[in-house]
Amino acid sequence: MTGLAQVRRDSALPWDEPLLLDQHYVEHHGMGLDAELLLRTPAALLRAARRPKR
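In this convention, every chain numbers its residues from 1, walking through the sequence in written order. This being a predicted model, a pLDDT of at least 70 is required before a residue's local features are given, and a value of 80 or more before pairs of side-chain atoms are given or counted; all residues contribute to the totals for chains, interfaces and linings. Side-chain descriptors were evaluated using all non-hydrogen atoms of the structure, hydrogens and water having been removed beforehand.

**Some thoughts on the nonpolar core**
Which entries qualify depends on this criterion: Among buried residues, those of type Ala, Val, Leu, Ile, Met, Phe, Trp, Tyr and Cys that are joined through side-chain atoms within 4.5 Å constitute a nonpolar core. Exposure classes here rest on a 1.4 Å probe applied to the protein chains alone. A residue is buried below 20% of its type maximum, exposed above 50%, and partly exposed in between. Numbering of helices and strands runs from the N terminus; a helix is a DSSP stretch of H or I covering at least four residues, while a strand is a stretch of E covering at least two.
With seven residues, the main nonpolar core is built from Leu 4, Ala 5, Val 7, Leu 21, Leu 33, Leu 37 and Ala 44. Where this core is concerned, the elements lending two or more residues are α1 (4–7) and α3 (31–50).

So, in structure tokens, the structure goes:
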């Protein structure tokens, strides 16, 4: 399973945003948030696969 920082990641996010998203998950985890992550993970994987390699 992935985390909020991975499924919501955007190159325009400030450097500290992934840390804040992970902190939000730790403080608010539950079935609803886990379900959201499961639903958003495939789209995040597809976006990452289409992104040019560095």
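Read on, since the account is not over.
**As for the confidence of the model for the protein**
The line we're drawing: Confidence of the predictor at the level of single residues is captured by pLDDT, which takes values from 0 to 100.
Within the protein, residue pLDDT values average 82, and 89% of them lie at 70 or more. Confidence, expressed as mean pLDDT per element, reaches its minimum in the protein at α1 with 78 and its maximum at α3 with 88.

**Quick look at the environment of Thr 41**
Inclusion rule: Residue contacts are defined here by distance: any two heavy atoms, one from each residue, within 4.5 Å place the two residues in contact.
Relative to the helices and strands, Thr 41 resides in helix α3. Taking the C-alpha atoms as reference points, Thr 41 and Val 7, separated by 34 residues in sequence, lie 5.9 Å from one another. Once you skip the residues sitting within four places of it in the chain, Thr 41 turns out to touch Thr 2 and Val 7.

**Some words on the pattern of salt bridges**
This is how it is decided: The term salt bridge refers to a side-chain nitrogen of Lys or Arg lying within 4 Å of a carboxyl oxygen of Asp or Glu.
For the structure on display, the rule yields one salt bridge. For the salt bridge of Glu 36 with Arg 40, the shortest nitrogen-to-oxygen distance reads 3.0 Å. Linking Glu 36 with Arg 40, this pair stays in helix α3, spanning four residues, or about one helical turn. With a relative accessible area of 25%, Glu 36 lands in the partly exposed category. Arg 40 sits in the partly exposed class, given a relative accessible area of 34%.

**Describing α3**
Here is the rule: Here, expected helix span is obtained from the residue count minus one, scaled by 1.5 Å. A residue's bend is the angle separating two fitted axes: one through the seven residues that end there, the other through the seven that start there.
Counted at 1.5 Å a residue, the expected span for α3 with its 20 residues is 28 Å, and the 30 Å between its end C-alpha atoms agrees. Taken as a whole, α3 carries its principal kink of about 35° at Arg 40; the proline Pro 42 stands between one and four residues after it. Of all the positions in α3, only Leu 33, Asp 34, Leu 37, Thr 41 and Ala 44 are classed as buried.

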